[in-house]
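Breakdown of the fold
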Amino acid sequence: MKNKIILKKQDLTSLSWSHIRSSSGTAGTFLKATKKSNGKKIYYKLSNYSDFEGITGHECVNEIIVDRLLNILGVEHLSYSLIHADVNIDGNIYDTYISASEDFKKEHENKIALDKFYSLEKNEKENPLEFCIRMGFGPFIYEMMAVDFIICNRDRH
């Protein structure tokens, strides 16, 4: 999936939406779904959803804006698409936009959340930033913090 906006409405009512996804790490706060497409696993994410209000917010649009910003800045990142689609949540059909990205993991590759890795591998009295620097993640962490500052990201999990 290369940074694109798909305006022609897609029928994605067959996707199963959940706060929980089948992977390690945190799922975040937005409903997510997955599906295989052309041999690749695709992750889909909705904007904010509640049983009372339905789908609200603009988080999916934010993903494509940040994708484009990171392209301009030359920051390596996961590419997103923005898709106009019908989705089915608990038997209700919604006309909305969703974001989509390819799975960044290779087949049979595992991942672990950074906070869990830190807990398992830290040295005594080593703070998370010191740990990341020791592990060789320093440049990535500083880049991530700068981008999060620019975009006012509070969703780092």
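This text gives an overview of the structure that appears in the document. Predicted model, so just to flag it, every value in this text is computed and none were measured.

Thoughts on helix α1 (residues 59-73)
If you check α1, its first and last C-alpha atoms are 21 Å apart, about what 15 residues at 1.5 Å a residue would give, namely 21 Å. Of all the residues in α1, the buried ones are Cys60, Glu63, Ile64, Val66, Asp67 and Leu70. Projected onto a plane normal to the axis of α1, the buried residues spread over an arc of 160° and lie on a single side. The exposed residues of α1 that point more than 90 degrees off its buried face are Ile65 and Ile72. Trailing α1 by a residue or two, Gly74 shows a phi angle of about 75°, which is positive.

Considerations on the nonpolar core
A general tendency of soluble globular proteins is for nonpolar side chains to be buried together. In terms of nonpolar packing, the biggest core is built from 17 residues, with Leu12, Trp17, Tyr44, Leu46, Val87, Ile89 and Ile98 touching the most fellow members. Listing elements by their share of this core, those giving two or more residues are β3 (40-45), β6 (81-89) and β7 (92-102). Top contributing element to this core by residue count: β6, with four residues. With residues near it in sequence (within four places) discarded, Trp17 still touches Leu31, Lys32, Ala33, Tyr44, Lys45, Leu46, Val87, Asn88, Ile89 and Ile98.

Some words on a nonpolar patch on the surface
Residues Ile72, Leu73, Phe149 and Ile150 make up a contiguous nonpolar surface patch of about 500 Å² in total accessible area. Of all the secondary structure elements, the ones that give two or more residues to the nonpolar patch are α1 and α4 (138-151). Position of Phe149 relative to the elements: it lies in helix α4.

Rules and cut-offs
Numbering of residues starts from 1 in each chain and follows the order in which that chain's sequence is written. In view of the model being predicted, local features appear only for residues whose pLDDT reaches at least 70, and side-chain atom pairs are presented and counted only at 80 or more, with totals across whole chains, interfaces and linings using the full set of residues. For side-chain calculations, the full set of non-hydrogen atoms in the structure is used, while hydrogens and water are omitted. Working definition: helices are DSSP H or I runs of at least four residues, strands are E runs of at least two. Numbering for both runs from the N terminus. Any helix carries an expected span of 1.5 Å times its number of residues minus one. Throughout this description, buried means an accessible area under 20% of the type-specific maximum (1.4 Å probe, protein chains only), exposed means over 50%, and partly exposed covers the range between. Throughout, the arc means that of the directions going from the helix axis to the C-beta atoms. Grouping buried Ala, Val, Leu, Ile, Met, Phe, Trp, Tyr and Cys residues that are joined through side-chain atoms within 4.5 Å yields what is termed a nonpolar core. By definition in these notes, contact holds between two residues if any of their heavy atoms fall within 4.5 Å. Patches here are clusters of residues that have more than 30% relative accessible area and form no salt bridge, with a 9 Å joining cutoff for like charges and a 5 Å cutoff for nonpolar side chains (Val, Leu, Ile, Met, Phe, Trp, Tyr). Computed with the Shrake-Rupley method and a 1.4 Å probe, the accessible areas treat only the protein chains shown as cover for residues. Any Lys or Arg side-chain nitrogen located within 4 Å of an Asp or Glu carboxyl oxygen qualifies as a salt bridge.

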